[in-house]
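Working through the structure, step by step
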Amino acid sequence: MSDVFHKQVADRVALLELRRPPHNFIDEAVLTELADAVLSFDDQDEISCVVIAAQGKHFCAGVDLRGIGAAGIRRFYRQALRLFSGRTPVVAAVHGAAVGGGLGLALAADFRVTAPDARFTANFARLGFHHGFGLSVTLPRAVGQQRALELLYTGRSVSGTEALELGLCDRTADDPRGAAIAFASEIAGSAPLSLPAIRSTMRRAMVAEVSAALDIEANAQAALLGTADFAEGIAASVEKRPPRFKSS
């Protein structure tokens with residue numbers, strides 16, 4: 001069964017739905033399938049905007065890091081870059097948690113519509129790890145450099161309501177999926193040749209910056225994979241206790 005379901009849900013609007021409930025952890029295979037689906041709409045004249053949503057409890061609770069090494073990280077980020085580089089506008093409908101790589105996935109979209117009680121978390125430092133998925137670029141673009149540093153250094157969670165105040169999301173709604181589809185329909189009402197041209201122009205610099213950042217982030221993550229602090233961070237997260245880091 002496919003991990004990414006898609007269908008046309010309104011005039012010129014397609015829905016992509018992650019189907020790995022309850023947490024929708026992603027890995028290279030899932031991200032490849034998602035990028036393939038997003039890019040496929042660039043060649044479909046009848047689709048002008050895409051909504052990314054998810055089944056289950058959370059939008060995306062992060063990346064499945066089991067068994068991953070330096071080469072796997074780089075392959076994963078090659079697929080992430082493909083997700084950034086399409087020509088069709090994307091709206092993310094976020095419910096539950098968007099954690100770590102899930103936050104990176106949400107920020108790869110043009111817009112985010114979220115539930116007020118959703119949770120956005122860049123928890124990498126709390127895991128003894130380095131952030132990835134282009135967050136070096138996308139997070140400060142959304143919330144500003146100082147707020148991005150705070151969120152990355154502390155790993156604290158941000159509610160959907162606070163996310164709207166910070167600029168981390170664009171709209172809140174009790175039904176983020178329905179609201180995202182309505183927003184996408186509004187976008188799709190514009191001229192179908194204008195939208196991809198505008199997106200290409202407006203995202204050109206960001207995509208170039210993300211491409212460079214992904215290489216740097218991959219190197220930083222690879223360097224921390226084998227550390228005792230990373231092992232402790234993962235163990236503490238699984239055991240739901242404060243981590244005890246030792247700088248090793």
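Right above here is the structure, for reference.
Here is a short report on the structure shown in this document.

Cut-offs applied
Residues numbered from 1 in each chain as written. Predicted model: local features only at pLDDT ≥ 70, side-chain atom pairs only at ≥ 80, totals over all residues. Heavy atoms only, no water. Pairing = 2+ DSSP bridges. Helix = DSSP H or I, 4+ residues; strand = E, 2+ residues; numbered from the N terminus. Axes fitted to C-alpha atoms, helices over the stretch in contact; angles between N-to-C directions. Contact = heavy atoms within 4.5 Å. Buried < 20%, exposed > 50% of the residue type's maximum accessible area, 1.4 Å probe, protein only. Polar contact = N/O pair within 3.5 Å; in protein donor to acceptor, adjacent residues only side chain to side chain. Right-handed = clockwise from strand over helix to strand, strands pointing away. Phe/Tyr/Trp six-rings, centres within 6.5 Å; stacked < 30°, edge-to-face > 60°. 1 Å grid on protein atoms, 1.4 Å probe; cavity = no way out; pocket = protein on both sides within 12 Å on 5 of 7 lines; lining within 4 Å. Points joined across faces, edges and corners; volume = space filled by probe spheres on them. Nonpolar A, V, L, I, M, F, W, Y, C, P; charged D, E, K, R; others polar. Core = buried A, V, L, I, M, F, W, Y, C linked by side-chain atoms within 4.5 Å.

What follows is about the sheet that holds strand β7 (residues 119–121). One open sheet holds the three strands; their spatial order is β5-β7-β8, and the pairing between them is mixed. This sheet does not close on itself; its edge strands, each paired only once, are β5 (97–99) and β8 (157–159). Looking at each pair of strands side by side, their axes are set apart by 15° on average, direction ignored. Across three bridges, the pairing between β7 and β8 is antiparallel.

This brings us to the environment of Leu 103. Tracing the backbone shows Leu 103 in helix α3 (residues 101–108). In sequence terms Leu 103 and Arg 119 are 16 residues apart; their C-alpha atoms lie 9.4 Å from each other. Residues contacting Leu 103, with those up to four places away along its chain left out, are Ala 98, Phe 120, Thr 121, Ala 122, Leu 135 and Leu 168.

Moving on, we come to the side chain of His 131. Mapped onto the secondary structure, His 131 falls in the loop between β7 and α4 (135–143). Note on His 131: relative accessible area 14%, which makes it buried. For His 131, the side chain forms a polar contact with the side chain of Ser 136, separated by 2.8 Å. Apart from the residues within four sequence positions on either side, His 131 is in contact with Phe 124, Ser 136, Leu 152, Glu 217 and Gln 221.

Burial runs high along strand β3 (residues 49–54): six of the six residues are buried. For strand β2 (residues 13–18) and β3, the ladder comprises six bridges, and the chain directions are parallel. The residue of β3 that forms the bridge with Leu 18 is Ala 54. Read as a crossover between parallel neighbours, the route from β2 over helix α1 (residues 28–40) to β3 is right-handed. Strand direction decides the pairing type here: β3 and strand β4 (residues 90–94), joined by three bridges, are parallel. Looking across to β4, one finds that Val 50 is bridged to Val 90. Read as a crossover between parallel neighbours, the route from β3 over helix α2 (residues 70–84) to β4 is right-handed.

Let us look at the sheet that holds strand β6 (residues 111–114). As summarised here, the arrangement of the six strands in space is β1-β2-β3-β4-β6-β9, forming an open sheet in which the pairing is mixed. The open sheet has two edge strands, β1 (4–10) and β9 (171–172), and neither has a second partner. Where β6 lies against β9, two bridges are found, and the strand directions are parallel. When the bridges of β9 are listed, Thr 114 appears paired with Thr 172. Across the sheet, α1 touches β1, β2, β3 and β4, and the angle it forms with β2 is around 175°.

A few words on the packing of aromatic side chains. Under the criterion given, the structure shown has five aromatic pairs. Plain terms: the ring middles of Phe 76 and Tyr 77 are 5.5 Å apart, the flat faces sit at 75° to each other, and that makes the pair edge-to-face. Take Phe 76: its relative accessible area is 4%, and that puts it in the buried class. Of the residues examined, Tyr 77 reaches a relative accessible area of 8% and is grouped as buried.

Moving on, we get to the layout of surface pockets. There is about 1,100 Å³ of room inside the largest pocket. Forming the boundary of the largest pocket are 40 residues, of which Phe 25, Ala 61, Asn 123, Leu 127 and Ser 237 lie nearest the centre. The set of elements that each furnish at least two residues to the lining of the largest pocket consists of α2, β5, β7 and α9 (228–239). In terms of residues, the lining of the largest pocket owes the most to one element, α9, which gives six residues. A per-class count over the lining of the largest pocket returns 21 nonpolar, 12 polar and seven charged. In this structure, the second largest pocket spans a volume of roughly 400 Å³. Every residue lining the second largest pocket is counted, 16 residues in all, and those nearest its centre are Ala 109, Asp 110, Phe 111, Met 202 and Arg 203. Of all the elements in the fold, those that place two or more residues in the lining of the second largest pocket are β6, α4 and α8 (194–224).

Right, let's talk about the nonpolar core for a bit. Counting residues in hydrophobic clusters, the biggest one holds 62 residues, and the most contacted among them are Leu 16, Phe 59, Leu 83, Phe 120, Phe 133 and Leu 139. Each residue touching Leu 16, except ones within four places of it in the same chain, is listed here: Val 4, Phe 5, His 6, Leu 34, Ala 37, Val 38, Phe 41, Val 50, Val 51, Ile 52 and Ala 53. Among the nonpolar cores identified, the runner-up in size contains 16 residues, and Val 13, Leu 15, Val 51 and Ile 181 belong to it.

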